Amino acid sequence: MSNTPNTNSIEHIKQIIDDNLGLQRSNRYAVMCNVSGKISQNIGMPTNFKMYPLTVSFGARAIDYIHDGLPGYGYGRMVPKSGKFIGGVVMTLAVLQNQEPIDWINNWFDYLYGPKKGQSGVGDIGFAVPYYVDSVGDVMNIDFLDLNGDSNSTWSLKEFYPVECMPLDLSAKTDQFLTYQVVFNYRQITRSGTGSATQ
């Protein structure tokens, strides 16, 4: 008879859950955004605001690599060069009767690449791209909350901006409200409590 403890027992599993502050609920999260005054002025949104997404979906995580090209059999070593969440971070947002957040998200798209006015504020000078630092949000914090609403961990998307919106579906159904799915890109993700991870 083996003296190895049974690590698959209900008691042991309960103990692991208790030792690690319980299970993380998928519906306990909060999203807070900070953007620069430049974006706030140009797209009509506050510099600090909360978002209330119905869902937040992180794409599959992947590492990009490059072949080192050294002589030998095959292509050589595949050396990691960068990491990412494929497809960015997708948020499903409820649309309010005054068309928020559709309006400010589309204003942001227009600001990133759209028709610009001359210095006097009149006259179309064609399409232009703003300076990068003037066009991306500072940070989007996604907090993982416990049942009391306290943050256990924060994932921070630094230099975030919208890159794609899913099709907007209007329907004759009377038991649903309109939702808007937006894909956000970012330069870096850091995670609190587990060190820093760069994407």
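The present account deals with the structure reproduced in this document. Computed from a predicted structure; not experimentally measured. (Residues numbered from 1 in each chain as written. Predicted model: local features only at pLDDT ≥ 70, side-chain atom pairs only at ≥ 80, totals over all residues. Heavy atoms only, no water.)

1. Some remarks on the environment of Ser192
Part 1 of the argument: Secondary-structure assignment places Ser192 in the segment after β12 (188–191).
Part 2 of the argument: Here the alpha-carbon distance between Ser192 and Trp155, two residues 37 residues apart in the chain, equals 6.5 Å.
Part 3 of the argument: What Ser192 contacts, discounting residues up to four positions off in sequence, is Ser153 and Thr154.
Part 4 of the argument: Within the local environment of Ser192, its side chain forms a polar contact with the backbone nitrogen of Thr154, the two atoms lying 2.8 Å apart. (Helix = DSSP H or I, 4+ residues; strand = E, 2+ residues; numbered from the N terminus. Contact = heavy atoms within 4.5 Å. Polar contact = N/O pair within 3.5 Å; in protein donor to acceptor, adjacent residues only side chain to side chain.)

2. Structural notes on the pattern of salt bridges
Part 1 of the argument: Under the defined criterion, the tally for this structure stands at one salt bridge.
Part 2 of the argument: Note that Glu159 is salt-bridged to Arg187, the shortest N-O span being 3.4 Å. You can see Glu159 sitting in strand β10 (residues 151–165) and its partner Arg187 sitting in the loop between β11 (179–185) and β12, a full 28 residues away along the chain.
Part 3 of the argument: Using a relative accessible area of 54% as the deciding quantity, one classes Arg187 as exposed. (Salt bridge = Lys/Arg side-chain N within 4 Å of Asp/Glu carboxyl O. Buried < 20%, exposed > 50% of the residue type's maximum accessible area, 1.4 Å probe, protein only.)

3. Digging into unusual backbone geometry
Peptide bonds are mostly trans, and most non-glycine residues show a negative phi.
Part 1 of the argument: In the segment running from Glu100 into Pro101, the intervening peptide bond is cis, with an omega of 5 degrees.
Part 2 of the argument: Summarising the element assignment, Pro101 is placed in the loop between β6 (89–94) and α3 (102–112).
Part 3 of the argument: You will see that Gln99, though not glycine, has its phi angle at about 70 degrees, which is positive.
Part 4 of the argument: Inspection of the secondary structure puts Gln99 in the loop between β6 and α3.
Part 5 of the argument: Here Gln99 falls in the partly exposed class, since its relative accessible area comes to 35%.
Part 6 of the argument: We note that Glu159 has phi near 60 degrees; this positive angle belongs to a residue other than glycine.
Part 7 of the argument: The exposure class of Glu159 is partly exposed, given its relative accessible area of 22%.

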